[in-house]
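Okay, here's what each chain looks like letter by letter:
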Amino acid sequence: MKQNILICIVASLLGCSINCQKDVPLSAFRDDQSGLIGFKDQNGRVQIDAAYTDFTTARRFDKIVAVSEDKHGKAEIYYLTKSGKVNGGKNVYFFDNGPDCESEGFIRFTDAKTDKVGMLNGNGDIVIPAEYDDLSNVRNGCVIALKGAKKQYPHGNNPSGCNHFSWVGGRKYLIDTRNRIIINNINNESHLNLFSLQTGQKPVKDANRENFLGVDGRYYSFIDYQKEFQEWLNALLLHFPSEKKLMECSYHKIYIWKEPEGWTAETSSEFIHRNYDLLKNKFAAISKKNADRFFSIDGLNPFIYKTAEFDRYYNNCGEPKEWQYPIVSIVMNRKTKNDFNQDIFEFLRTENGYKLISMTIRSEKIK
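Because the structure is predicted, anything quoted here is derived from the model rather than measured.

Draft legend 1. Fine view of the environment of Val86. Relative to the helices and strands, Val86 is located in strand β7 (residues 86-87). Sequence separation of Val86 and Ile304 is 218 residues, and the distance between their C-alpha atoms is 35 Å. Here Val86 is in contact with Tyr78, Tyr79 and Leu80, once residues within four sequence places are set aside.

Written out as structure tokens, the structure reads:
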């Protein structure tokens, strides 16, 4: 009896070990001799041999990645799962001439015959059929799906061999990863925080939120990043904060553009202490009703913010997760008779709110 119990325990532990290993991410490495890319586990053991070219942009491998092999002088492009399953030789989804990156264990694919887009899960199985013009990546289990649109190229209908185009027309839907429609029309989704979802029988009364009536009769509410930031900024500028408060509203490092050094970083407390009067004047100018300013929303620049502390703000391929951690920039135009320049202040949305992280001041000298 004791022997049977021991066997069951060992079998259970082995099963857990195998299943847990599937959930442990792998890290990319480059073979010193071949220069090709493979993947290792957290203990440095090679799990997938180095056989892939630089087309393979994933630095981290959770469930599924786009890879390319050189076979007899020709590139074979496909999706690879941890189990070694291959999917979609010609169906890899491209955006801006780069392959798609998995998001929450899912990855987009393109039907080579129809040019429509669908979604694969981490096992390489189709969970959303290729029936859409385009899909967003997965965000909090949700996907923005586009139907009935047409591609518009910079030079009319001629693609000119590039992958740059914009979509015209069509309707956007909010769907889940089982291809179930949640919202029939969500055309103003560009600045929505899908991780802030609230549902209810009535719209949420919050000036920072957008409400949408779902197909199930309930209301789906999301924070609008632009509105949220504007309210935060207004509160900050209403009574300009003390030096201490401004430090609290800043990232622990401030990145500054200086000539000729380029981007440099220093402790925010030291920088703000030296330049507090300058910053106070700049933000006073920003707060004026007739200020010549505008806002823009983007993601972190991986060429500037390179250290490991920023890893959480990028996906497995090193691309900024602007849909979750946007950078909101305030651009102040300054015009004189003989010159035109711009001062730029960038704020990163973190788990602890918006933080001033970088600035470019050309109209005055930074100390």
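Draft legend 2. Inspection of the state of the cysteines at higher detail. For the structure on display, the rule yields one disulfide. Each disulfide pairs two cysteine sulfurs, and for Cys101 the partner residue is Cys317, the sulfurs being separated by 2.3 Å. Here the S-S torsion is close to 95°, and the disulfide linking Cys101 with Cys317 is therefore right-handed. Here Cys101 is found in the loop between β9 (98-99) and β10 (107-110), whereas its partner Cys317 is found in the loop between β22 (293-298) and β23 (327-335), with 216 residues between them in sequence.

Draft legend 3. Quick peek at the side chain of Thr56. Counting through the fold element by element, Thr56 comes out in the loop between β3 (46-52) and β4 (60-61). Taking relative accessible area as the criterion, Thr56 reaches 5% and is therefore assigned buried. Thr56 has contacts with Ile37, Phe39, Ala66, Val67 and Ser68, leaving out every residue within four places of it along the chain.

Draft legend 4. Local environment of the sheet that holds strand β14 (residues 142-152). Ordered by their spatial adjacency, four strands build an open sheet running β13-β14-β15-β16, and the pairing between neighbours is antiparallel. What marks the edges here is a single partner per strand, and that holds for β13 (134-135) and β16 (181-183). Pairing of β14 with strand β15 (residues 166-176), which is carried by 10 bridges, proceeds in the antiparallel orientation. Looking at the pairing, Val143 lines up with Ile175 of β15.

Draft legend 5. Seen up close, the sheet that holds strand β12 (residues 126-132). Read from one edge of the open sheet, three strands run β10-β11-β12, paired in antiparallel fashion. For this open sheet the edge positions go to β10 and β12, each flanked by a neighbour on one side alone. Across this sheet, the average inter-strand angle for adjacent strands is 25°, counted without regard to direction. Looking at chain direction, strand β11 (residues 117-120) and β12 are connected through three bridges and run antiparallel. Paired with Met119 across the bridge in β12 is Ile128.

Draft legend 6. Fine view of the nonpolar core. One finds Phe271, Leu279, Phe345, Phe347 and Met359 to be the most contacted residues of the largest nonpolar core, which totals 27 residues. Those elements that place two or more of their residues in this core are α2 (225-238), β20 (250-258), α4 (268-286), β23, β24 (340-350) and β25 (353-360). Ranked by residue count, the leading element in this core is α4, at seven residues. Setting aside its immediate chain neighbours within four residues, Phe271 contacts Ile254, Ile256, Glu266, Leu279, Met359 and Ile366. Judged by nonpolar contacts, the second largest core, of 20 residues, contains Phe55, Phe109, Val138 and Ala145.

Draft legend 7. A look at the pattern of salt bridges. Under the definition given, this model contains 19 salt bridges. Here Arg60 and Asp62 are joined by a salt bridge, their closest N and O atoms 3.3 Å apart. Several salt bridges share partner residues, and in doing so they unite Glu69, Lys71 and Glu76 into one network.

Draft legend 8. Local environment of the packing of aromatic side chains. Summed over the entire model, instances satisfying the criterion amount to 20 aromatic pairs. Measuring from ring centre to ring centre gives 6.3 Å for Phe212 and Phe222, while their planes differ by 55°; the resulting arrangement is tilted. Taken together, the residues span a long stretch of sequence, with Phe212 in strand β18 (residues 209-213) and Phe222 in strand β19 (residues 219-224) at a distance of 10 residues. A relative accessible area of 8% means that Phe212 is categorised as buried. A relative accessible area of 0% places Phe222 in the buried class.

Calculation criteria
- Residues numbered from 1 in each chain as written.
- Predicted model: local features only at pLDDT ≥ 70, side-chain atom pairs only at ≥ 80, totals over all residues.
- Heavy atoms only, no water.
- Helix = DSSP H or I, 4+ residues; strand = E, 2+ residues; numbered from the N terminus.
- Contact = heavy atoms within 4.5 Å.
- Disulfide = S-S within 2.5 Å.
- Buried < 20%, exposed > 50% of the residue type's maximum accessible area, 1.4 Å probe, protein only.
- Pairing = 2+ DSSP bridges.
- Axes fitted to C-alpha atoms, helices over the stretch in contact; angles between N-to-C directions.
- Core = buried A, V, L, I, M, F, W, Y, C linked by side-chain atoms within 4.5 Å.
- Salt bridge = Lys/Arg side-chain N within 4 Å of Asp/Glu carboxyl O.
- Phe/Tyr/Trp six-rings, centres within 6.5 Å; stacked < 30°, edge-to-face > 60°.

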